[in-house]
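The lines below spell out each chain.
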Amino acid sequence: MHAFINSDKIDLKENETILEAARRSGHYIPTLCELADIDHTPGTCRVCLVEIRCEGQEEPRIVTACNTPILEGMEILTRTRRVREMQRLQVELLLADHDQECATCIRHGSCEVQDVAQFVGLQHSRYYDPANAKREVDSTAPGFARDMGKCIRCYRCVKICREGQGVDALVMAGRGKNAGVGVRTGLTQGSSECVSCGQCVLVCPTGALGEKDETETVVDYLYDPDVVTVFQFAPAIRVGFGEEFGLPAGTNVEGQVISAIRALGADIVLDTNFAADIVIMEEGTELLKAYGEGKRQLFTSCCPAWINFAEKHYPEILPHLSSTRSPQQCFGSIAKTYLPEKMDIDPAKVRVVSIMPCIAKKDEAGRAMYKKDGVRDVDVVLTIREFARLLRREGIDLKSLEPSTFDNPYMGGYSGAGAIFATTGGVMEAAVRTMYYAVNGEELEGIEVTALRGFEGVRSAVVDLGGDIGEVKLALCHGLKGVRAVVEDVLAGRSDFDFIEVMACPGGCVDGGGHLRSKKAYLPHALKRRETLYEIDKQSNYRQSHNNPMVQKLYDDYLGRPYSEKSHELLHTHYIA
Ligand code: HC0
Ligand code: SF4
């Protein structure tokens, strides 16, 4: 069984389309809507045109390769003049109502439409009418923006939100030239079911979906002599930013990120990993206390898209959420109290800037409970994409920078436990290491709790914490789809889990919705990034949060002990249904 693509003989596989066979055999056919990683072939862009001739057929026919099966004896031509002209016309029509302010687009230089326009040789867009390209821009969500003038109606976002995340906020909306993506009638993006997880952004081929750009605020801070800028970057940044340098996925670029932030002119460069260690001290204590009081089924609360999901979809579950703030927010409050005291800085001058692989962290930082006298603990959050943009704005070439290290004696050090927060199961593993010590006064043997590692959307494990606590049943959820059943079981009294970790993005923060985008692929780097996190843990001088000397100093000098009154004021919160 075989067919021919551009005269190459191809052995056929069952139920393959022309596009799949062409890819398998190295023949490029442009597409804009199809995305194999999420099993999405809507056939809406009409760009994957090819000529085919079947046995017994005189004239070749033009078909779309993505949804035409490849058949025995079929001859397929992908680069005839007719094909090239028709593909070019198709892209030209697609651009007729596509906002063409490419120079100012967040996707400039990494846009799939630009790539395909180049491939088909389009040099001028005859039918472009700016009036038609003026479609809805919805910026009602705190950190997320949807610009329909740039939508090409591929509907990848609808698919990932509905079937990947199980949130179902986005719908196919409008008719005729107003057809595109929207939210349900009467809602805005902000009031819709959307939880700002950003997974739709990772599959969008254009600049239609993204974060609200806040690089301008950061530039203001950097050039204001009265401001002391304190930067933090999340555990996942160091394993997800190497691609910006052209390095292999998963390369640890912590040192280059520190140098780049310093090159921007930051006053103090610190690490969210340090705050992850504080979270473990607080959350571990909170959990053990809860168990002691016979309370079970606590959920982690450090993922802000999960908090959004709980508030919007299951407000009754909020009393089950840990009161410990996320590392980002613990960092913010410590950086505006303890750090200025130690360094003799006026706290009113401090501006905290976070670099996160996440859009929902913008929502989190803006919450009323994380403000004191109207001043935010974390002043601005940049996604890793904005960080890349900021470096370009400031003319900083990452490749030319030598790596450097943290040099702050108060908040720059972290344990291996803090480092693994960014992968699914990491928060739980870090918590288990410290809770075991708190219960038994000795370290857990077999520190890598492999039972908690894995990739299934919902996993469970039983861990013996020893002492009065004994065995606890833990659940690890990543990606929101599987979370619904876990939450519903808890609410219905059917669950026997003691502690449940939820990360809204599949894989955890290593594949957060604020990461660099990969063209024509969904989450291609998860495993590599995760392996590097585990390697960082292995190489760490100390691997438990309670052994981090800077955390010990913070408690000795300032907080007293975990779960103290001061800790409550600075490191805990509560969610209101
Ligand atoms: Fe995460 Fe976090 S691990 S949410 O995924 O807990 O964004 O990387 O910064 O805050 O530490 C994101 C990543 C963080 C926080 C940490 C947690
Ligand atoms: Fe859906 Fe997440 Fe995109 Fe919101 S950000 S529309 S929840 S995929």
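A quick note: this is a predicted structure, and the numbers were derived from the prediction, not measured.

Scoring rules and cut-offs
Residues numbered from 1 in each chain as written. Chains lettered and ligands numbered in written order. Predicted model: local features only at pLDDT ≥ 70, side-chain atom pairs only at ≥ 80, totals over all residues. Heavy atoms only, no water. Helix = DSSP H or I, 4+ residues; strand = E, 2+ residues; numbered from the N terminus. Rg over C-alpha atoms; globule rule 2.2 N^0.38 Å. Buried < 20%, exposed > 50% of the residue type's maximum accessible area, 1.4 Å probe, protein only. Contact = heavy atoms within 4.5 Å. Areas by Shrake-Rupley, 256 points an atom, 1.4 Å probe, with all protein chains shown as cover. Lys, Arg positive; Asp, Glu negative; His and termini not counted. Charge placed at Lys NZ, Arg CZ, Asp CG, Glu CD. Near = heavy atom within 4 Å. Polar contact = N/O pair within 3.5 Å; in protein donor to acceptor, adjacent residues only side chain to side chain. Nonpolar A, V, L, I, M, F, W, Y, C, P; charged D, E, K, R; others polar. Pairing = 2+ DSSP bridges. Axes fitted to C-alpha atoms, helices over the stretch in contact; angles between N-to-C directions. pLDDT = per-residue confidence, 0-100. Core = buried A, V, L, I, M, F, W, Y, C linked by side-chain atoms within 4.5 Å. Parallel < 35°, antiparallel > 145°, perpendicular 65-115°, else oblique. Left-handed = near helix turned anticlockwise from the far one by under 90°. Salt bridge = Lys/Arg side-chain N within 4 Å of Asp/Glu carboxyl O. Phe/Tyr/Trp six-rings, centres within 6.5 Å; stacked < 30°, edge-to-face > 60°. Lys NZ or Arg CZ within 6 Å of the ring centre and 35° of its normal. Expected span 1.5 Å × (residues − 1). Patch = residues over 30% accessible without salt bridge, like charges linked within 9 Å, V, L, I, M, F, W, Y side chains within 5 Å.

K.L.:
Would you mind going over the overall build of the chain with me for this structure?
P.N.:
Counting secondary structure elements, the chain contains 21 helices and 20 strands. Relative to the compact-globule value of 25 Å for 577 residues, the chain shows a C-alpha radius of gyration of 25 Å, a close match. The buried share among the 577 residues of the chain stands at 60%. Summarising the internal contacts of the chain: among those between residues at least 6 apart in sequence, 74% fall at separations of at least 24. On the chain, roughly 22,900 Å² of surface is accessible, and the fraction owed to carbon and sulfur atoms is 49%. Of the charged side chains in the chain, 66 are positive and 82 negative, and the gap between their average positions amounts to 5 Å.

K.L.:
Quick question: what am I supposed to make of the site of ligand 1 here?
P.N.:
Surrounding ligand 1, one finds 17 residues, the nearest of these being Ala236, Cys302, Gln328, Lys361 and Cys509. Contact between ligand 1 and Pro327: an oxygen atom at 3.4 Å from a main-chain N or O atom of the residue. Contributions of two or more residues to the shell around ligand 1 are made by α10 (272-292) and α12 (327-335).

K.L.:
Which parts of the structure should I look at to understand the site of ligand 2?
P.N.:
Phe144, Cys161, Val167, Leu170, Gln189, Cys194, Val195, Ser196, Cys197, Gly198 and Cys200 make up every residue found near ligand 2. Classifying every residue of the shell around ligand 2 by side-chain character gives eight nonpolar, three polar and no charged.

K.L.:
What should I look at first to understand the sheet that holds strand β17 (residues 380-383) in this one?
P.N.:
The pairing of strands in a sheet happens through backbone hydrogen bonds and is either parallel or antiparallel. Here four strands make up an open sheet; going across it, the order is β12-β11-β14-β17 and the pairing parallel. A single partner strand is all that each edge strand has here, and the edge strands are β12 (268-271) and β17. Looking at each pair of strands side by side, their axes are set apart by 25 degrees on average, direction ignored. Sheet topology note: the strand β11 (residues 228-233)/β12 ladder contains four bridges and is parallel. Note on β12: the bridge partner recorded for Phe233 is Asp271. Against the sheet, helix α15 (residues 384-393) touches β14 (350-356) and β17, its axis set at about 90 degrees to β17.

K.L.:
Would you mind showing me how to read the environment of Asp377 here?
P.N.:
Inspection of the secondary structure puts Asp377 in the loop between β16 (375-376) and β17. A residue is classified by how much of its surface remains accessible, and Asp377, at 3% relative accessible area, is buried. Note: C-alpha distance between Asp377 and Asn67 (310 residues apart in sequence) is 51 Å. Apart from the residues within four sequence positions on either side, Asp377 is in contact with Arg325, Gln329, Gly332, Ser333, Lys336, Val352, Tyr370 and Lys372. In this structure the side chain of Asp377 is engaged in a polar contact, spanning 3.0 Å, whose partner is the side chain of Lys372.

K.L.:
In this structure, what is going on with the confidence of the model for the chain? I would like to understand it.
P.N.:
Detailed reading of the predicted model is not advised wherever pLDDT is low. Residues with a pLDDT of 70 or more make up 100% of the chain, whose mean pLDDT is 96. The ipTM assigned to the predicted complex is 0.93, against a pTM of 0.97.

K.L.:
Is there a simple way to think about the nonpolar core in this case?
P.N.:
As a rule of thumb, nonpolar side chains are buried together in soluble globular proteins. In this structure, Phe241, Phe299 and Trp306 are the most contacted members of the largest nonpolar core, which totals 155 residues. With eleven residues, α10 is the largest single contributor of residues to this core. Beyond its immediate stretch of four places on either side in the chain, Trp306 contacts Phe299, Thr300, Ser301, Ile317, Leu321, Val483, Val487, Val502 and Ala504. Counting 19 residues, the second-largest nonpolar core is a separate cluster that includes Ile5, Leu19, Ile52 and Ile70.

K.L.:
Which parts of the structure should I look at to understand the packing of α10 against helix α20 (residues 549-559)?
P.N.:
Geometrically, a packed helix pair is captured by the angle between its two axes and the distance between the axes. At a minimum axis distance of 10 Å, the contact between α10 and α20 shows a crossing angle of 60 degrees. Taken together, α10 and α20 sit at an angle that is classed as oblique. The handedness of the crossing between α10 and α20 is right-handed. Here Phe274, Asp277, Ile278, Met281 and Glu282 of α10 come into contact with α20, specifically with Met550, Val551, Leu554 and Tyr555. Residues of the contact of α10 with α20, tallied by class, amount to seven nonpolar, no polar and two charged.

K.L.:
What exactly am I supposed to notice about the pattern of salt bridges here?
P.N.:
Side-chain pairing between opposite charges can occur once the charged atoms of the two side chains come close. Summed over the entire model, instances satisfying the criterion amount to 46 salt bridges. One salt bridge in this structure joins Asp489 and Arg494, with 2.9 Å as the shortest N-O distance. For Asp489, a relative accessible area of 28% puts it in the partly exposed group. Overlapping salt bridges, with partners in common, bring together Glu429, Arg433, Glu448, Arg453, Asp537 and Arg543 in one network.

K.L.:
Would you explain the packing of aromatic side chains in this entry?
P.N.:
Aromatic ring pairs are defined here through the distance separating the ring centres and the angle between the ring planes. Under the defined criterion, the tally for this structure stands at nine aromatic pairs. Taking the centre distance of 5.0 Å and the plane angle of 35 degrees together, the rings of Phe241 and Phe387 count as tilted. With a gap of 146 residues between them, Phe241 in the loop between α8 (237-240) and α9 (254-264) and Phe387 in helix α15 connect regions that are remote in the sequence. Across the pair, Phe387 and Phe241 agree in class, each one buried. Taken together, Phe299, Trp306, Phe309 and Tyr314 form an aromatic cluster joined through their ring pairs. The lysine or arginine in question, Arg296, covers the ring of Tyr291, its NZ or CZ lying 4.9 Å from the ring centre. In this structure, Arg453 packs its charged tip against the face of Tyr534, placed 3.7 Å from the ring centre.

K.L.:
Got a minute to help me understand helix α2 (residues 81-94) in this structure?
P.N.:
Helical geometry note: an α-helix holds 3.6 residues per turn, so side chains three or four residues apart project in the same direction. The terminal C-alpha atoms of α2 lie 20 Å apart, and with 14 residues this matches the ideal 20 Å at 1.5 Å per residue to within 8%. Residues Val83, Gln87, Gln90, Val91, Glu92 and Leu94 constitute the buried set of α2. Tucked inside the fold, the buried residues of α2 contact β3 (49-53), β4 (61-64), β5 (75-77) and α3 (112-119).

K.L.:
Looking at this structure, I do not really get the sheet that holds strand β13 (residues 298-299). What am I missing?
P.N.:
Ordered by their spatial adjacency, four strands build an open sheet running β13-β20-β19-β18, and the pairing between neighbours is mixed. At either margin of the open sheet sits one strand with a lone partner, and together these are β13 and β18 (458-464). Relative to the sheet, helix α17 (residues 426-440) contacts β18, β19 (471-478) and β20 (499-503), its axis offset from that of β20 by approximately 145 degrees.

K.L.:
So what exactly am I meant to see when it comes to a nonpolar patch on the surface here?
P.N.:
Residues Leu89, Leu93 and Tyr127 make up a contiguous nonpolar surface patch of about 260 Å² in total accessible area. On the secondary structure map, Tyr127 appears in the loop between α3 and α4 (130-133).

K.L.:
What am I meant to see in α15 here?
P.N.:
In terms of burial, α15 is a largely internal element, eight of the ten residues being buried. Along α15, the positions that sit buried rather than exposed are Ile384, Arg385, Glu386, Phe387, Ala388, Arg389, Leu390 and Leu391. Directly after α15, the chain includes Gly395, whose backbone phi takes a positive value near 65 degrees.

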